[in-house]
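Take a look at the letters that make up each chain.
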Amino acid sequence: MNKADSSAEGALPSVAIRVDQFEDLDHERLKLLDPSSPAPILTPSGQIRKVKSFTDTHKIRDINVASGAASARSLRPYDQVTAYPDGSDSGTNHYAPSVRSLASIGMGCTDGRKMVIRRVPTSPTELFHLVRPPTPPDEDTASHDSDCGEEEEDAETVHLKPRRPFWANKIQFVLACVGYSVGLGNVWRFPYLCYKSGGGAFLIPYFIILLVCGIPMLFMELAIGQYTAHGPIGALSQICPLFKGAGVASVVISFVMSTYYAVIIAWAIYYFFTSFKSEVPWASCSNRWNTPQCWVPNHNTNISKPNGSQTPTEQFFEKKVLSMSDGIEYPGGMRWELAACLVCAWVLVYFALWKSIKSSAKVRYITTTLPFLLIIVFLGRSLTLDGADKGLRFFFKPDWELLKQSRPWVNAASQIFNSIGIAFGSMIMFASYNRFDNNFLHDTLAVSLINAVTSLIVGIFTFATIGNIAFEQNTSVKDVIADSPGLLFVVYPQAIAKMPASQLWAVLFFFMFLCLGLNSQFAIVEVVVTSIQDGFPDMIRRRLVYHELLVLCVCAVSLLFGLPHIIHSGIYIFQLMDYYAASLSITYLAFFEMVAIAWFYGVDRLSKNIKQMTGQCPSLYFRFCWLIAAPALLLALWVASLVDYMPPSYRQYQYPAWAQVLGWTIASVSLLCIPVYAIIVIVRSPGTSFREKLRNSIRPTSLCDCGVADCDLCCSESEPPDDKVTIT
């Protein structure tokens with residue numbers, strides 16, 4: 001068969017064959033190869049559907065009466081089968097398939113009861129295996145964990161047809177979600193925001209928002225991602241086109257976060273290599289960057305920390321690592337050592353993501369599991385330090401007066417969204433690689449529980465360490481150090497410097513922190529890459545061709561946007577970006593995402609979709625939170641954050657007015673996505689009146705290509721016809 005014939009046949013409409021159960025495999029194959037045998041039955045849709053697994057195939061008899069969520073959802077248009085009409089040269093009055101299409105019956109997905117149309121054999125050997133195939137797989141192995149023998153693509157053209165792959169198993173999916181949760185969100189942001197918000201006064205709103213918003217929204221996002229098999233932009237544009245801007249906004253925020261999260265990884269890399277010196281340089285005041293204000297705490301001298309003094313760890317971070325200027329208006333030059341570390345960080349991210357989840361899933365086996373062991377080790381060590389009980393009292397004993405302020409509540413909401421990954425598009429993206437019938441309720445509970453427990457463990461060993469520092473400095477816990485993004489790089493090194501074999505502990509700690517940072521960065525960058533692939537598949541296929549080039553472009557652009565964070569005034573830019581992009585905007589985005597899905601798409605429709613995937617409806621707790629509790633709480637938090645708005649600051653430094661305008665400009669890039677895209681969608685919607693256009697703009701797009709009217713069980717029509725491939 002030449003290529004011209006193949007392309008000509010590919011343009012013809014497809015037909016489907018219904019294969020019923022039979023007992024004699026060889027006898028039935030010979031009947032199919034006999035032109036005088038009865039013709040197969042064609043479905044009214046005129047399309048062949050490929051099934052995901054052995055257990056689903058026997059359920060399908062006719063697409064019009066297809067039942068069962070897994071079977072209907074997994075149907076996809078596939079190969080062509082040419083049929084002769086009545087009275088043709090085939091010599092039969094039946095719809096007999098041609099010789100070419102007869103040879104298209106595959107041999108890799110049959111166990112004696114069902115067959116799937118695959119492709120035309122290209123050699124006598126393939127045709128021989130068609131008639132006398134190898135031993136079929138056992139029923140035990142023919143489960144949902146297999147992909148029914150995906151056909152191999154030509155090595156030279158596989159990149160031209162990008163596919164959305166499957167996770168190889170549930171462990172990979174859970175590790176991806178846990179890796180993002182137990183990343184920078186827990187180890188860096190949680191202690192920083194908890195200390196900034198008054199310790200115990202932060203924990204109460206943290207767990208309230210986790211129960212009311214965190215867990216229900218995580219469950220909702222996993223459902224939407226798994227059901228639509230798209231990233232945040234594609235998923236929300238199918239669920240409610242009017243709020244497609246919410247998906248765009250989540251990708252914009254993820255991109256902004258990827259630029260300065262990589263800077264945190266660069267700091268960790270710098271500390272990691274510095275830890276190999278014979279003596280850790282932050283242990284004393286005898287280094288060239290130290291100033292007369294450097295002070296080494298010593299509890300035996302019973303001297304409190306002098307005003308204006310700094311510990312060696314503070315001066316190492318600010319004078320040596322950052323080489324800080326006096327303000328954002330004094331940019332200074334580039335910190336070339338940090339620039340090299342930033343490039344190294346992006347190289348690690350690129351080679352972990354260049355094969356999509358096929359490569360990143362394997363990396364997470366190490367970067368997710370190893371840090372847990374080290375966290376437990378550091379927890380045990382921190383609890384034995386002098387003054388640890390002082391820090392733990394600050395962590396667990398709330399100041400009730402602080403709960404009357406909005407700041408602890410807003411910070412707690414920001415921490416929930418950042419740690420679990422909701423409203424950032426990460427969980428929608430991860431779930432889009434799931435199989436349709438995956439029970440994600442178990443995943444939701446597992447990820448939420450692990451996230452909460454890890455936050456508590458990290459908080460315990462962080463505040464136990466801060467208590468030890470307060471004990472050494474003869475001061476209160478709240479006055480130990482100013483609440484800055486560098487809290488982690490000041491507190492932990494100071495405690496490590498007093499440990500025996502401090503170099504070894506420093507290497508282990510910053511290697512753990514590097515792994516956790518990479519886990520968070522993987523998820524954030526994958527959101528951007530997946531959204532670009534979903535939004536511009538044709539352009540990516542024509543211009544970039546290879547998936548690796550797309551990942552390279554995203555990493556290179558993010559690297560360029562991250563360079564301003566490593567100049568001498570970079571820490572002020574870092575604080576500005578984190579305040580406006582990750583804290584102020586996120587409750588606004590989460591509210592409109594909840595409105596789009598729970599109110600416009602509808603809780604009843606979402607519950608029906610979840611039942612189609614898992615076999616059971618969500619509980620009353622989830623439906624109440626989606627419909628009433630979560631939107632009300634998010635709206636109240638967002639309004640409170642605007643009413644009690646306070647300009648950002650870095651310790652005693654107050655940002656100038658032009659810097660605050662710059663911050664609001666950064667925030668508006670994501671905030672304006674929702675109303676701007678809503679206007680565009682309404683204008684482009686069909687209809688003659690505004691009311692008709694609005695009605696069409698909130699109507700879910702067709703999610704089915706199976707031929708059944710108004711069916712919403714199948715994939716989007718925008719997806720390529722190829723089925724997913726399993727990552728192993």
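Numbering of residues begins from 1 in every chain and follows the order in which that chain's sequence is written. Restriction of local features to residues with pLDDT of at least 70 applies here, the model being predicted, together with a cutoff of 80 or more for giving and counting side-chain atom pairs; totals for whole chains, interfaces and linings are based on all residues. Hydrogens and water molecules were not included; the side-chain quantities draw on all heavy atoms of the structure.

1. Section: the overall build of the chain
What counts here: Helical segments are the DSSP runs of H or I of at least four residues, strand segments are the runs of E of at least two, and each set is numbered from the N terminus. All accessibility values rest on the Shrake-Rupley procedure with a 1.4 Å probe; residue burial counts only the protein chains present in the view.
Scanning the chain from N- to C-terminus turns up 29 helices and 2 strands. Here the chain displays about 29700 Å² of accessible surface, and carbon together with sulfur accounts for 63% of that area.

2. Thoughts on the nonpolar core
Basically, it comes down to this: Put simply, a nonpolar core is a bunch of buried Ala, Val, Leu, Ile, Met, Phe, Trp, Tyr and Cys residues held in one set by side-chain atoms that sit within 4.5 Å of each other. The buried label applies to any residue whose accessible area, calculated with a 1.4 Å probe on protein chains only, is under 20% of its type's maximum; exposed applies above 50%, and partly exposed to all values in between.
Trp267, Phe417, Phe430 and Trp626 are the most contacted members of the largest nonpolar core, which totals 184 residues. The element best represented in this core is helix H11 (residues 244–274), accounting for 20 residues.

3. Some remarks on the UniProt feature "binding site: Na(+)" (unreviewed entry) in the chain
We apply this condition: UniProt positions are given in the numbering used here, feature names are shortened, and annotations may be inferred rather than shown by experiment. For this analysis, residues touch if any pair of their heavy atoms sits within 4.5 Å.
According to UniProt, the "binding site: Na(+)" (unreviewed entry) feature falls on Gly179, Val182, Asn186, Ser419, Asn451, Leu516 and Ser520. Separation in sequence by 342 residues is not matched in space for these annotated residues, since their most distant C-alpha atoms are only 13.2 Å apart. Residue position: Val182 is located in the loop between helix H7 (170–181) and helix H8 (184–196). Tracing the backbone through its elements, the reader meets Leu516 in helix H21 (residues 502–535). Leu516 has contacts with Val182, Gly183, Leu184, Val187 and Pro371, leaving out every residue within four places of it along the chain.

4. Topic: the packing of helix H9 (residues 200–228) against helix H26 (residues 620–643)
Our working definition: Angles shown run from 0 to 180 degrees and are taken between the N-to-C directions of axes, each axis being a line fitted to C-alpha atoms and, for helices, limited to the stretch in contact. What sets the label is the angle itself: under 35 degrees gives roughly parallel, over 145 gives roughly antiparallel, 65 to 115 gives roughly perpendicular, and the rest give oblique. By convention the crossing between two helices is left-handed if the near helix lies anticlockwise of the far one by an angle smaller than a right angle, and right-handed if it lies clockwise.
Taken N-terminus to C-terminus, the directions of H9 and H26 make an angle of 120°; their axes are 9 Å apart at the nearest point. As judged from the angle between their axes, H9 and H26 are oblique. In this structure, H9 meets H26 at a crossing whose hand is left-handed. On H26, the residues touching Ile209, Leu211, Val212, Cys213, Ile215, Pro216, Met217, Phe219 and Met220 of H9 are Tyr621, Phe622, Cys625, Trp626, Ala629, Ala630, Leu633, Leu634 and Leu637.

5. With respect to the packing of aromatic side chains
Inclusion rule: Pairs were defined over the aromatic rings of Phe, Tyr and Trp, the Trp ring being its six-membered one, requiring ring centres within 6.5 Å. Orientation was assigned from the angle between planes: stacked under 30 degrees, edge-to-face over 60, tilted for the rest.
Across all of its chains, the model carries 58 aromatic pairs by this definition. Where Phe272 meets Phe273, the ring centres are 5.4 Å apart and the plane angle is 75°; that geometry is what we call edge-to-face. On the accessibility criterion, Phe272 (15% relative accessible area) is buried. Between Tyr653 and Tyr655 the ring centres are 5.4 Å apart and the planes differ by 70°, which places this aromatic pair in the edge-to-face class. The class of Tyr655 is buried, set by a relative accessible area of 5%.

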